[in-house]
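Inside the fold
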Amino acid sequence: MVSIDSVPGVVLGVALLAVLAGVGVVRRRRAMADGGYPTTDERETETETEKPFGLVRWFTTVDHKDIGILYIVYGLVAALWGGTDAMMLRTELITPGKTIWGTETYNGLFTTHGVTMIFLFALPVFFGIANYFLPILIGADDMSFPRINAIAFWLLPPALVLVRGGLITEIIAKVISPLGLTALTAPLLALKPIDISWTMYTPLSTAVANPQVDLALLGLHLSGIATTMGAINFIVTIFAERSEDVTWATLDIFSWTMLTTSAIALFAFPVLGSALIMLFLDRNFGTAFFALDGGGPMLWQHLFWFWGHPEVYILVLPAFGLVSLILPKFSGRKLFGFKFVVYSTLAIGVLSFGVWAHHMFTTGMDPRVRASFMAVSIAIAIPSAVKVFNWMTTMWSGRIRLTAPMILLVGGIGTFIIGGVTGVFLASIPIDLLLHDTYYVVGHFHFIIMGVIAAAMVAASYYWFPILTRRMYDQRVARVQAVLLIVGVVVTFTPLLILGYLGMPRRYAYYPAEFTLLQQIATAGAYVIGVSVFLWITNMIQSMRTGPLVMNADVWNLKETGQFTREWQWFEERLEERRSFERSESGTAPPGDDD
Amino acid sequence: MERNRVTSAIAGGIAGTAVLTLLLILLEVQTREQIRAFDVIARFVGTPGQTAVGFVLFVLAGVFAWPLLFVALRDYIPRGPDPAAQGTIFAVVLWIAFAIAGRGDLSGAILILYTAYTFFAHLAYGFTLGVVYGHFREGSQVPREYYAGQ
């Protein structure tokens, strides 16, 4: 009676236990050893030894830097999972008919791709970067509420499990099925991955029977709570925890954008949370918020997009902040028109709440309301354009150094221009009536999300890598990766814009044969993005372990242009502390030690 | 406290095989059982149709055979002395065999995903094998380098 399913389950269980035991042994040994293998040479200076050891440290930490890293790792896991969905989507679209999966799986894929990337990847990564660097940039000891900070993060892993439940439960069911507990496996297998699209429009979302939809709604609600808590924490930290020499006039640009993003999140996410709960009640407790004789399906769209469009700016503003912060460092000049970049950030924050109905131009709403939303939607392009001009003038006649982060930023600005200008077209009602729900829309926002947002994240990872790990990465691989990412984005999403112009609607697994070539080009581009992600991960992991040690904090030669900013000064102090510790321990001075 | 090479290698093998198995189950579920990863394993180890036997052989190979071979061949594998880097190189060779022998009647677009994901899973296996092995073996110290600046 040994079925195939029984073997992996038992073996996996035993193996995982063995790994855990092994980790325990390694941890104990590491605690006693001094030096040795590269990953174990992280001997700790006196200020670093106060934290508990090993896994306990990560589960109990309230240090903003640790929580920042947790956020980033979490966001990375979500990104890889959502990226897997994307690769499968693009593979399915290689041929016009059924390539591998039918419509059901395809619908599930684009739903989970969207939900994972929007809710679980993008904002957590920015919150992670901000958690680590914002307190340092403003001279604070930590976030205002370190414990709330930890809670806000720890709500996210359950959110991921709930949202992606359909697959996780299937894995569990497969592993435990040999034990013969059908009573346990049957409900697990009943949960199918959600396939109602990330917008969760009613009446479809109230009508589908899949119980996984309810779990996903709760998971999304949880992530919304986490975001709100994080947002409050950032706002209070920036207001109350600044060091005395950091005034509103000298606050750095990244903190400005995080402040604005947090403010938008504070107003937008509670609305989403309420809408999700209303949908949950409609599905399970017979309420009629979104029923035809209740609020109607339009109510959902209004509530959803009242969160959904500000969310776009919640995601893009931190990316703008990173561009504005890092770009001057490799241009050898100060950020041009700093004040106007700040004003435009604030303007976007305010205007972002006046554009939501441009997602609903085709629903037959009052033309006068429609016109006003069109006006605001076009107007919001102005502050975005202000930023682009300021970035270009920052680079103008500067001393440009094409390091990996710089390539990503310049490329990201380029893709943002394409994504932004196509957005201005979409904001115009007559054009939107033609292009609504076509691939054009998908191309437009991916040029921004995969263009400037992803590029800024990766650029930040390269720019601050020495601070995060005290090591340097392989810069040649990083430059190749940067170019591949930008090229991949352009190759993937330009065909989508064209497909949209040709009238190809989004969210279909099958399509007419005349679109085949464009779809295949897009898929090839997606694989290029996949390769660049692979290069980034291997470079990061291997450099974290064995990259050359950084001894001089001025990794990017920022001192010569007077841009050796606060986080690098902080890093310099840490390096000095570490160096004197190593001197006292070994009696020999490492290279680069001038004393 | 240094463990002998065989025990360290087997510890690495257990960890690596756990990671590889988990990734393959994930791949199986995520692709809605289009790849049938465990049939691939059975074909790879030469017992097509007998998936359970194939899986047992797969685990034995992943825990004992490959790690021991890895230790034996370490001096000849490039990218030393870091065992994790060597482990990934070693795993690429395993992956080539796995991908070719296990392909079966998979064809068309699914082959792209099959190739890419099994490649990634094998790298994870080799990396884990090397890292765990390296932890137990202090003799394999990587020389420290310092970043010289731009």
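Preceding this paragraph is the structure being described.
**Some words on the overall build of chain B**
Counting secondary structure elements, chain B contains 5 helices and 0 strands. Reading chain B from its N end, one meets helices and strands in the order α-α-α-α-α. In terms of its C-alpha atoms, chain B occupies a principal-axis envelope of roughly 50 × 40 × 25 Å. Considering chain B as a whole, with its 150 residues, one finds that 53% of them fall into the buried category. Within chain B, contacts between residues at least 6 apart in sequence are counted, and of these 68% link residues at least 24 apart. If you sum the accessible surface of chain B, you get close to 6500 Å²; carbon and sulfur atoms cover 63% of it. If you average the places of the 10 positive and of the 9 negative side-chain charges in chain B, the two averages end up 1 Å apart.

**Comments concerning the nonpolar core**
Residue and element names in this part refer to chain A. Counting 212 residues, the largest nonpolar core has Trp464 and Trp568 as its most contacted members. Among the elements that line this core, the one with the most residues is helix α4 (residues 103-137), at 21 residues. Setting aside chain neighbours within four positions, we find tryptophan 464 in contact with Ile129, Phe133, Leu322, Leu325, Glu567 and Trp568.

**Details of the layout of surface pockets**
All names here are of chain A. Roughly 1200 Å³ of internal volume is contained in the second largest pocket. Every residue lining the second largest pocket is counted, 49 residues in all, and those nearest its centre are His309, His359, Val441, His444 and Phe445. Of all the secondary-structure elements, those providing two or more residues to the lining of the second largest pocket are α4, α12 (297-326), α15 (381-395), α16 (404-427) and α18 (439-463). Take the lining of the second largest pocket: its biggest share by element is 9 residues, from α16. In the lining of the second largest pocket, the residues fall into 29 nonpolar, 14 polar and 6 charged.

**Description of the packing of aromatic side chains**
All names here are of chain A. As enumerated under the stated definition, the model contains 48 aromatic pairs over all chains in all. Judged by centre distance (4.9 Å) and plane angle (70°), the ring pair of phenylalanine 320 and phenylalanine 416 falls under edge-to-face. With phenylalanine 320 in helix α12 and phenylalanine 416 in helix α16, this pair connects stretches of sequence that are 96 residues apart. The same class applies to phenylalanine 320 and to phenylalanine 416, which are both buried. With a centroid separation of 6.1 Å and an interplanar angle of 75°, the aromatic rings of tryptophan 568 and phenylalanine 571 are classed as edge-to-face. Linking tryptophan 568 with phenylalanine 571, this pair stays in helix α22 (residues 566-586), spanning 3 residues, or about one helical turn. Across the pair, phenylalanine 571 and tryptophan 568 agree in class, each one buried. Each member of the aromatic cluster is reached from another via a ring pair, and the members are Phe119, Trp198, Phe269, Phe289, Phe290, Trp300, Phe304, Trp305 and Trp307. Sitting over the ring of tryptophan 58, arginine 57 keeps its end group 4.5 Å from the ring centre. Sitting above the plane of the tryptophan 248 ring, arginine 242 keeps its charged end 4.3 Å from the centroid.

The rules we used
Residues numbered from 1 in each chain as written. Chains lettered and ligands numbered in written order. Predicted model: local features only at pLDDT ≥ 70, side-chain atom pairs only at ≥ 80, totals over all residues. Heavy atoms only, no water. Helix = DSSP H or I, 4+ residues; strand = E, 2+ residues; numbered from the N terminus. Buried < 20%, exposed > 50% of the residue type's maximum accessible area, 1.4 Å probe, protein only. Contact = heavy atoms within 4.5 Å. Areas by Shrake-Rupley, 256 points an atom, 1.4 Å probe, with all protein chains shown as cover. Lys, Arg positive; Asp, Glu negative; His and termini not counted. Charge placed at Lys NZ, Arg CZ, Asp CG, Glu CD. Core = buried A, V, L, I, M, F, W, Y, C linked by side-chain atoms within 4.5 Å. 1 Å grid on protein atoms, 1.4 Å probe; cavity = no way out; pocket = protein on both sides within 12 Å on 5 of 7 lines; lining within 4 Å. Points joined across faces, edges and corners; volume = space filled by probe spheres on them. Nonpolar A, V, L, I, M, F, W, Y, C, P; charged D, E, K, R; others polar. Phe/Tyr/Trp six-rings, centres within 6.5 Å; stacked < 30°, edge-to-face > 60°. Lys NZ or Arg CZ within 6 Å of the ring centre and 35° of its normal.

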